[in-house]
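Notes for the structure review
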Amino acid sequence: MKIKLSTKDWLWNAGLVGFYNILNQTEEVKIENNELIFEEKALKNFSIKYFNYLIEKYKPISSFQKLIDIQDFLKEFKFEENQIELLNEKITFLKSKVKLNSFINTYDYIEKGTKEKILNLEKEIKKVTKKETEEAIKEKIEKMKKIIELINKTKEGKNYVAAKNIAYTIINRAYNNVAFFNPSKVQNDIYEEYDSYFVKPAIEYLKKVKVANKFEFTCDLTNLKTKYSKKSLAFLNQVGYDVQKKTSHAWNHVSQVVISDLAILILSCIPAGFNYVYENGIFINSNESLEELIRINNAISYKILKLKNKNFIESLIEVFYDFKYEASDIQIVRLENLKYKFSLISKRTIKILLKNQERLKMLNKKWYLKNNDYFYIYDEIIKCIIQNENILKQLHYYINLKIRGEKTNISTFDLSNVLEINCRNQKRRGRNMEEKDLYYIRRQGIEFRKKYLAKSQNENKLKTLIYKLTESLRSEDSKTFLDTLLSGYLYLTVPIDSQFIKLLAENKEIGYAFVIGLLGENKKEKGEENEK
């Protein structure tokens, strides 16, 4: 029997992408006419396919894999001071992980008696002290190797430990409290519990659909006929409610939402479609086509997990650029500190992000300190673009940070980039202002600064002037800006450039370019040097 499934909302789509990825390992699924197609027999040994995929996908951030990788360090270990420090770090990490309940509960699946052996060895391993002999250190290293060897003894046994680790660091971001998360079943076989709760009911359901396609109801997610069921989305984090326990949430105490066992199985695959990194994650909900949906999210997965780029939006922009994506509006679903957040990005916004890709990259790792917390301007400017906000408000704040001498690594070159991005975001470039105009006026500000400091020998006086100009720009008071500007030029007894006045009349962003110039130039910035 061939089963055909289509895209719907973001939650279902994340499960559908994950389901495809899992079955695609063995090429038991295909996409035709924007539908995912598979046969009932593809669900055979699905629990093994499920955990194999997740173990491999999340290997780069898996603490289990980091534990196994300690053996590479131990093989190359040398008796040097810096190596001893690293060894102690590895000892601390190993001892903390092998004692986790999620690990301990799986050891005897490797081989009976393994749990006792590992825990006894762990107790014997202590941190290395300066007084210890090489022989004593070698003994500790051998015990560490033995622990890893015991865990690594068989692929099947190792996968039990890895699966448990993935369950408590990744899968529980999507769902909880059922199957192997059920408090009464946490010590049971994780594969059997997944199979029992998710896979077997789905297989039994499909057998019934095949022989009796006259069920009264239709599953809201799969569109397949089904009998009425009180199963719900309550097992998913932050989604739905238990229709059996909270009947008052439904009209006349009867839920109108019908979910089949197959739908429940596919929703359990969300961790294979959504991309998690610890307590955060991202899913791109593009309804252009199912193939595009799978391609974009798997590309994001590669960027953030394999290439270890933890900045989700930067990875997203790179994927847009790689794919030359301009197809349609998309929904971004982000998990931040275990809470879902949603953004809609229009085609126009995607074009702006792509157009400013290089400038945005230059803002990466640029920060300022506020209340002992680090804030990154890359994230703030991206947020402004996505939410279609005027970036000048942020630029004004960054300029004031520089005036007040706050802790930040933002340079004047970075401020110029923010200004240029704002001009593009507001669609003003190409109509009444060019990049060369911003550069020209900024150079005017730099020259003005040099002359002003040479005459006044007072940087605080210049800061006061900069503050007055900035405030008049913020309040859009062009008269005060011009008056302050003219008084500055009169003080220097030099004429003001008529081109400056003309450009300022056309666009106030020119005033910000001048103010940025007044803040000085940062010759250490590579981009700045390229401009000169």
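Small disclaimer: the values here were computed from a predicted structure and weren't measured.

**Re the packing of helix α17 (residues 377-386) against helix α19 (residues 412-425)**
Helices that pack against each other are described as a pair by the angle of their axes relative to one another and the distance between those axes. Where α17 contacts α19, the two axes come as close as 11 Å, and the packing angle between them is 10 degrees. Judged by the inter-axis angle, α17 sits roughly parallel to α19. For the pair α17 and α19, contact is made by Ile 377, Ile 381 and Ile 385 and by Val 418, Ile 421 and Asn 425, respectively. Each residue belonging to the contact of α17 with α19 can be placed in one class, and the counts come to five nonpolar, one polar and no charged.

**Some details on the sheet that holds strand β2 (residues 29-32)**
In spatial order, the strands read β1-β3-β2; together these three strands make up an open sheet with antiparallel pairing. Looking at the sheet topology across the chains shown, the edges are occupied by β1 (2-5) and β2. On average, each strand axis in the sheet is inclined to that of its neighbour by 30 degrees, with strand direction left out of account. With respect to the sheet, helix α1 (residues 10-24) is in contact with β1, β2 and β3 (35-39), its orientation differing from that of β3 by roughly 45 degrees.

**Some words on unusual backbone geometry**
The backbone of Asn 34 sits at a positive phi, close to 65 degrees, despite the residue not being glycine. Within the fold, Asn 34 resides in the loop between β2 and β3. A residue is classified by how much of its surface remains accessible, and Asn 34, at 35% relative accessible area, is partly exposed.

**Points about the pairing of β1**
Where burial is concerned, the two faces of β1 differ: the one with Ile 3 and Leu 5 is buried and the one with Lys 2 and Lys 4 is not. Two strands pair when backbone bridges link them, and β1 and β3 are joined in this way by four bridges, in the antiparallel orientation. Looking at β3, one finds that Lys 2 is bridged to Glu 39.

**Section: helix α13 (residues 290-306)**
The end-to-end C-alpha separation of α13 is 23 Å, in line with the 24 Å expected for 17 residues at 1.5 Å each. Burial analysis of α13 places 12 of its 17 residues in the buried class, the great majority of the element. Along α13, the positions that sit buried rather than exposed are Leu 290, Glu 292, Leu 293, Ile 294, Ile 296, Asn 297, Ala 299, Ile 300, Ser 301, Lys 303, Ile 304 and Leu 305. Within two residues after α13, Lys 308 carries a phi angle of roughly 60 degrees, on the positive side.

**Some words on the packing of helix α4 (residues 81-98) against helix α8 (residues 134-151)**
Their axes nearest at 12 Å, the elements α4 and α8 cross at an angle of 40 degrees. When the axis of α4 is compared with that of α8, the two are oblique. Every pair of crossing elements has a handedness; the one defined by α4 and α8 is left-handed. Two secondary-structure elements touch here, α4 through Ile 84, Leu 87, Lys 90, Ile 91, Leu 94 and Val 98 and α8 through Ile 137, Ile 141, Met 144, Ile 147, Ile 148 and Ile 151. Within the contact of α4 with α8, the residues separate by chemical class into 11 nonpolar, no polar and one charged.

**Observations regarding the pairing of β3**
Summarising the sheet, β2 and β3 pair through four bridges and their orientation is antiparallel. Of the residues in β3, the one forming a bridge with Glu 32 is Glu 35.

**A short note on the state of the cysteines**
Counted under the stated rule, the structure contains zero disulfides. With no disulfide of its own, Cys 269 lies 14 Å from the sulfur of Cys 219, the closest cysteine sulfur. Left unpaired, Cys 384 is separated from the closest cysteine sulfur, that of Cys 423, by 14 Å. Among the residues examined, Cys 384 registers a relative accessible area of 4% and is labelled buried.

**Comments concerning the pattern of salt bridges**
On inspection of all chains with the given rule, the structure shows 28 salt bridges. In this structure, the salt-bridge partner of Glu 292 is Arg 295, at a minimum N-O distance of 3.2 Å. Taken together, the residues Glu 292 and Arg 295, both in helix α13 and three residues apart, mark about one turn of the helix. You can call Arg 295 partly exposed: its relative accessible area is 40%. The salt bridge involving Lys 366 is made with Asp 414; its shortest N-O contact spans 3.5 Å. Remark: Asp 414 occurs in helix α19 and Lys 366 occurs in the loop between α16 (357-363) and β10 (367-370); sequence separation between them is 48 residues. Note on accessibility: Lys 366 and Asp 414 belong to one class, buried. Three or more residues are tied together by salt bridges with common partners; here these are Arg 443, Glu 447, Lys 450 and Glu 521.

**Examining the packing of aromatic side chains**
Taken as a whole, this structure holds 39 aromatic pairs when the rule is applied. When the centroid spacing of 4.9 Å and the interplanar angle of 75 degrees are considered together, the rings of Tyr 197 and Phe 198 count as edge-to-face. Look at Phe 274 and Tyr 276: their rings are 4.9 Å apart centre to centre, the planes differ by 20 degrees, and that puts the pair in the stacked class. As far as the burial class goes, Phe 274 and Tyr 276 line up, both buried. The ring of Phe 73 is capped by Lys 90, whose NZ or CZ atom sits 5.5 Å from the centre of that ring. Above the ring of Tyr 491, the side-chain terminus of Lys 455 is found at 4.8 Å from the ring centroid.

**Here we look at the confidence of the model for the chain**
With 92% of its residues at a pLDDT of 70 or more, the chain shows a mean pLDDT of 87. Between residues 241-255, whose pLDDT stays under 50, and residues either more than four places distant or in other chains, the model counts 17 contacts.

Basis of the calculations
- Residues numbered from 1 in each chain as written.
- Predicted model: local features only at pLDDT ≥ 70, side-chain atom pairs only at ≥ 80, totals over all residues.
- Heavy atoms only, no water.
- Axes fitted to C-alpha atoms, helices over the stretch in contact; angles between N-to-C directions.
- Helix = DSSP H or I, 4+ residues; strand = E, 2+ residues; numbered from the N terminus.
- Parallel < 35°, antiparallel > 145°, perpendicular 65-115°, else oblique.
- Contact = heavy atoms within 4.5 Å.
- Nonpolar A, V, L, I, M, F, W, Y, C, P; charged D, E, K, R; others polar.
- Pairing = 2+ DSSP bridges.
- Buried < 20%, exposed > 50% of the residue type's maximum accessible area, 1.4 Å probe, protein only.
- Expected span 1.5 Å × (residues − 1).
- Left-handed = near helix turned anticlockwise from the far one by under 90°.
- Disulfide = S-S within 2.5 Å.
- Salt bridge = Lys/Arg side-chain N within 4 Å of Asp/Glu carboxyl O.
- Phe/Tyr/Trp six-rings, centres within 6.5 Å; stacked < 30°, edge-to-face > 60°.
- Lys NZ or Arg CZ within 6 Å of the ring centre and 35° of its normal.
- pLDDT = per-residue confidence, 0-100.

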